[in-house]
Amino acid sequence: MMRRSILKIAAALAFALAATAANAHAQLEKATPAVGSTVAPPAEIRLKFSEGVEPRFSGVALSAEGGAAVPLGAPSVDPADNSVLIVKVGKTLAPGVYTVTWHAVSVDTHKTQGSFDFTVKP
Amino acid sequence: MTTSSSRAVAGALAGAAAFLWLSPAFAHAVCGDRIFPATLGIDDPGVGDELALPTLTYLPQNSGGSQEFDASFSYTKTIFPGFGLSISDGPTWLRPGGYGWGDVDTEAKYNFLCIPEAEFMASVGLDVTWAHTGTPNMTNPYNNYTPVLDAGLGFGALPKSLNLLRPFAVTAELSETVPGQSSTGGNPNPTSLNWGFTVQYSLPYYNSHVGEIDNDFVKHLIPVTEFTFSKPISNFAPGTNQTTGTIQPGVIYMADTWQFALEAIVPINSASGRGTGVVGELHFFFDDIFPNTLGKPISKWGQP
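A short tour of the structure in this document, coming up. Each chain has its residues counted from 1, running along the sequence as written. Ligands are numbered from 1 and chains lettered from A, in the order in which they are written. It should be noted that, the model being predicted, local features are given only for residues of pLDDT at least 70 and side-chain atom pairs only at 80 or more, the latter also being counted only at that level, while totals for whole chains, interfaces and linings use all residues.

Moving on, we come to the overall build of chain B. Secondary structure summary: chain B contains three helices and 18 strands in total. When its C-alpha atoms are laid out on the principal axes, chain B stretches across 60 × 45 × 30 Å. Here a residue counts as buried when 20 or more other C-beta atoms sit within 10 Å of its C-beta, as exposed when there are 12 or fewer, and as partly exposed otherwise, the C-beta atoms being derived from the backbone. The burial tally for chain B puts 43% of its 304 residues in the buried class. Throughout, a residue-residue contact means that the two C-beta atoms, derived from backbone geometry, are no farther apart than 7 Å. Nonlocal contacts in chain B, meaning residues at least 24 apart in sequence, comprise 60% of its contacts between residues at least 6 apart. Put simply, DSSP H or I for four residues or longer makes a helix, DSSP E for two residues or longer makes a strand, and each gets a number counted from the N terminus.

Moving on to the sheet that holds strand β7 (residues 81-88) of chain A. Residues and elements named next belong to chain A. Paired strands, in this sense, are two strands between which DSSP finds at least two bridges. Taken in spatial order, the four strands make up an open sheet running β1-β3-β7-β6, and their pairing is antiparallel. What marks the edges here is a single partner per strand, and that holds for β1 (28-32) and β6 (76-78). For this sheet the average axis-to-axis angle between neighbouring strands, irrespective of direction, equals 30°. Note that β6 and β7 share three bridges and pair antiparallel. Bridge pairing links S76 to I86 in β7. Angles run from 0 to 180 degrees between N-to-C directions of axes, and those axes are lines fitted to C-alpha atoms, restricted for helices to the stretch in contact.

The subject of this paragraph is the sheet that holds strand β5 (residues 69-70) of chain A. Residue and element names in this part refer to chain A. Here we have five strands laid out as an open sheet, ordered β2-β9-β8-β4-β5, and mixed in their pairing. Two strands lie at the open edges of the sheet, namely β2 (38-39) and β5, each paired on one side alone. Here two bridges tie strand β4 (residues 59-64) to β5, and the two strands are oriented antiparallel to one another. Each residue of the ladder has a partner; that of S63, found in β5, is A69.

Turning our attention to the pairing of strand β8 (residues 96-105) of chain A. Residues and elements named next belong to chain A. For β4 and β8, the ladder comprises six bridges, and the chain directions are antiparallel. Among the inter-strand pairings, S63 is bridged to a residue of β8, identified as T99. Pairing geometry for β8 and strand β9 (residues 111-120), over 10 bridges, is antiparallel. Note that in β9 the partner of W102 across the bridge is G114. Joining the antiparallel neighbours β8 and β9 is a turn of five residues, in which T109 adopts a positive phi near 80°.

A few words on unusual backbone geometry. Going from T32 of chain A to P33 of chain A, the amide bond is cis rather than trans, its omega being 0°. Of note, P33 of chain A is situated in the loop between β1 and β2. The omega angle of the peptide bond from R95 of chain B to P96 of chain B is 0°, so this bond is cis rather than trans. Mapping P96 of chain B onto the fold places it in the loop between β6 (91-95) and β7 (98-101). Positive phi is not limited to glycine here, since E119 of chain B has a value of about 50°. With 23 C-beta atoms packed within 10 Å, E119 of chain B lands in the buried category.

Let us look at the nonpolar core. Remark: nonpolar core denotes a set of buried Ala, Val, Leu, Ile, Met, Phe, Trp, Tyr and Cys residues whose joining runs through C-beta atoms within 7 Å. If you look at the biggest cluster of nonpolar residues, it comprises 31 residues, and the most contacted ones within it are I45, L47, F49, V60, L85, V100 and A104 of chain A. At four residues, β8 of chain A tops the list of elements feeding residues into this core. With 12 residues, the next largest nonpolar core counts A38, F284, I289 and F290 of chain B among its residues.

Residue and element names in this part refer to chain B. Pairing analysis gives 10 bridges linking strand β9 (residues 120-129) to strand β10 (residues 144-154), with the strands arranged antiparallel. Bridging from a neighbouring strand, V128 pairs with Y145 of β10. Bridging between β10 and strand β11 (residues 168-179) involves nine bridges; their strand directions are antiparallel. Opposite G152, over in β11, you have T171 as the bridge partner.

And the structure:
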């Protein structure tokens, strides 16, 4: 009898958890310029995460082939969507391959990081 | 589970719950850019607050010749960052063999290494299956003690020229099961060596590091194949030390706070069973669902 009760409680817990809205590790869902894409020189980099992020504790770096850093503005979030981290690109990018390196702290303090390349076409 | 052990477990959980507000959230199996999913055949290399509920397994014919259906759960609570205690149990239906609960299984596990640049992490643990905690038809009269080593390596450190290989990861597990008594009723209780590994290709990693995936469902998938093996290495009856194991191809859907995994179970030989089984598991990451209460370690001890 007790074991059946445990199973019932467990099943109820599983359904309750499945319906729970929560924060989580901020995983990169989409980027502009897109991951691995070839684009015209971008004026900004937008990173769409799976969760809201804290711009004060998150950061983005951009480097050209060879590792030279490209100046970027301070990170901010989209006023309408705190899961979108935005940084302005400080200059017009010359054609070539660039690497975006990011780290993000979600609103529940979990940390994630990553990097990807995009190419600026001639 | 006996009534007394149930009370003991409930008491321990209640005691743990009383201290849950003391420390901040801590991540699950994340090392560098890599998030290792929870796998079914072997354990992942991380330690986190998580609940596998339910894990459902069907075997058309197990190693003992019976049709088997299992429903189980596993709950892990972090005590301090990188160290957790887990408890697992569940009912089994056998035909022939009947219904019953297996012995309660617990594990203390410590994540002692993470090299973020290499996406490499490793953990050690001690698993104990407790005697006399299952129903009479499915309990063992002795404890089993299993020291465990788990490790995982993501391939993200490969050069960009090998970009398509960077979403790959492998995890591995090595353990030895030592019985608490050498024989039962005149029959030897063997010591067994267990080993296994997984090969994974993370489409979430591909989407965020290699190239954008437009499909919202596909970009959460992690195709995986698991390999598990076991072999009695000492104190076994003559002719009973054959290697047994399974090959488990499947896929994991990894959402933000939960994941679902589904795998086939293919025995490697007749001693491991017959026919293709299946296992599915719903898994919740409490460090993400309850980051300020149930999902964080009880103590900050050792936190950088």
